[in-house]
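# Secondary and tertiary structure notes
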Amino acid sequence: QTKHNSDGGSQKNNIVDWEINTSYNALADSLNWSSITSRIKSKIPGLSNIDIDLTHDMYGLENGTRINEYKNEFYGLPIPYLTKLNATTSISLSGKRLIGFQTDSSNYNSPIIHADNLWSTNLSLTYKKQKELNYNTNELEWQETFQLNTNTSLQFSQKWKLSYRVGFDLMKQTMGWQSFVFTR
């Protein structure tokens, strides 16, 4: 945990949370254990979040289907292996509208800032890695994607707003999709 001062008071934040889940079905004839899923969440206060989702399995695979044999063992104990990884982080930035300046008695100009944001942008990075069956070779192979998504908004007035969204595939170095939304 971290502790920092915020608006005159102190605030505690968790730096890292880690959840692990699995289940055991005693009534099943085979494959009693489910896959092991875990989620690691980290928050950097005022800056960014980092989320990592992992899936592990203990059972072997044959033609892309789980079989009732442990893939890896150590002295008879099953050793889980990674089958899926998903990591995401994002950061948000924004700026306020400058209305004007106010001059005090000592001729110091201080800015007058509007309460609403003039602009905001969100940048999100996502990396995914997953084992998938290659039907030509009948082998499991890692498939990877790495994407950057952005969402930017400009608030021209109380009633007029422009939003622009775009996604990039960073591994293929291509722009995937984009949209403009102009609202009143």
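Everything below is about the structure printed above this text.
Let me begin by describing the structure that accompanies this report.

Parameters and conventions
- Residues numbered from 1 in each chain as written.
- Predicted model: local features only at pLDDT ≥ 70, side-chain atom pairs only at ≥ 80, totals over all residues.
- Heavy atoms only, no water.
- Helix = DSSP H or I, 4+ residues; strand = E, 2+ residues; numbered from the N terminus.
- Rg over C-alpha atoms; globule rule 2.2 N^0.38 Å.
- Buried < 20%, exposed > 50% of the residue type's maximum accessible area, 1.4 Å probe, protein only.
- Contact = heavy atoms within 4.5 Å.
- Areas by Shrake-Rupley, 256 points an atom, 1.4 Å probe, with all protein chains shown as cover.
- Lys, Arg positive; Asp, Glu negative; His and termini not counted.
- Charge placed at Lys NZ, Arg CZ, Asp CG, Glu CD.
- Salt bridge = Lys/Arg side-chain N within 4 Å of Asp/Glu carboxyl O.
- Pairing = 2+ DSSP bridges.
- Axes fitted to C-alpha atoms, helices over the stretch in contact; angles between N-to-C directions.
- Polar contact = N/O pair within 3.5 Å; in protein donor to acceptor, adjacent residues only side chain to side chain.

### Observations regarding the overall build of the chain
Tallying secondary structure elements over the chain gives zero helices and 14 strands in all. Tracing the chain from N to C terminus, the helices and strands come up as β-β-β-β-β-β-β-β-β-β-β-β-β-β. Taking 16 Å as the expected radius of gyration for a compact globule of 184 residues, we find that the chain reaches 25 Å, considerably beyond that expectation. Projected onto the principal axes, the alpha-carbon positions of the chain cover approximately 80 × 40 × 30 Å. In the chain, buried positions account for 15% of the 184 residues. When contacts within the chain are restricted to residue pairs at least 6 apart in sequence, those whose partners lie at least 24 apart make up 39%. Just so you have it, the chain exposes about 13600 Å², and 51% of that area is on carbon and sulfur atoms. One finds the centroid of the 18 positive side-chain charges in the chain at a distance of 13 Å from the centroid of its 17 negative side-chain charges.

### Concerning the pattern of salt bridges
Scanning the model with the defined rule gives two salt bridges in all. Residues Arg 39 and Asp 53 are paired through a salt bridge, measuring 2.6 Å at the closest nitrogen-oxygen approach. One end of the pair, Arg 39, is in strand β4 (residues 36–44); the other, Asp 53, is in strand β5 (residues 48–57), and 14 residues separate them in sequence. Judged by relative accessible area, Arg 39 falls into the partly exposed class, the value being 37%. In this structure Asp 53 comes out as partly exposed when scored by relative accessible area, which is 23%. Two residues, Asp 57 and Arg 66, come together in a salt bridge whose shortest N-O distance is 2.8 Å.

### What to know about the pairing of strand β14 (residues 174–183)
Both strand β13 (residues 161–169) and β14 contribute to a ladder of nine bridges, which runs antiparallel. Across the sheet, Tyr 164 pairs through a bridge with Phe 180, a residue of β14. Between the end of β13 and the start of β14, which pair antiparallel, lie four residues, with Gln 173 showing a positive phi angle near 55°.

### Some details on unusual backbone geometry
Of note, the phi angle at Leu 31 is positive, near 50°, even though the residue is not glycine. The topology assignment puts Leu 31 in the loop between β3 (16–21) and β4. The class for Leu 31 is partly exposed, based on a relative accessible area of 27%. Residue Tyr 75 is not a glycine yet carries a positive backbone phi of 55°.

### Structural notes on the sheet that holds β13
Taking strand neighbours across the sheet as the criterion, the eight strands line up as β3-β4-β5-β10-β11-β12-β13-β14 in an open arrangement whose pairing is antiparallel. What marks the edges here is a single partner per strand, and that holds for β3 and β14. Ignoring strand direction, the axes of neighbouring strands in this sheet form an average angle of 10°. Across 16 bridges, the pairing between strand β11 (residues 109–134) and strand β12 (residues 139–155) is antiparallel. Along β12, the bridge assignment pairs Ser 124 with Asn 149.

### Here we look at the side chain of Asn 32
Residue placement: Asn 32 occurs in the loop between β3 and β4. Residue classification places Asn 32 among the buried residues on the basis of a relative accessible area of 16%. Only 3.2 Å separates the side chain of Asn 32 from the backbone oxygen of Ala 28, close enough to count as a polar contact.

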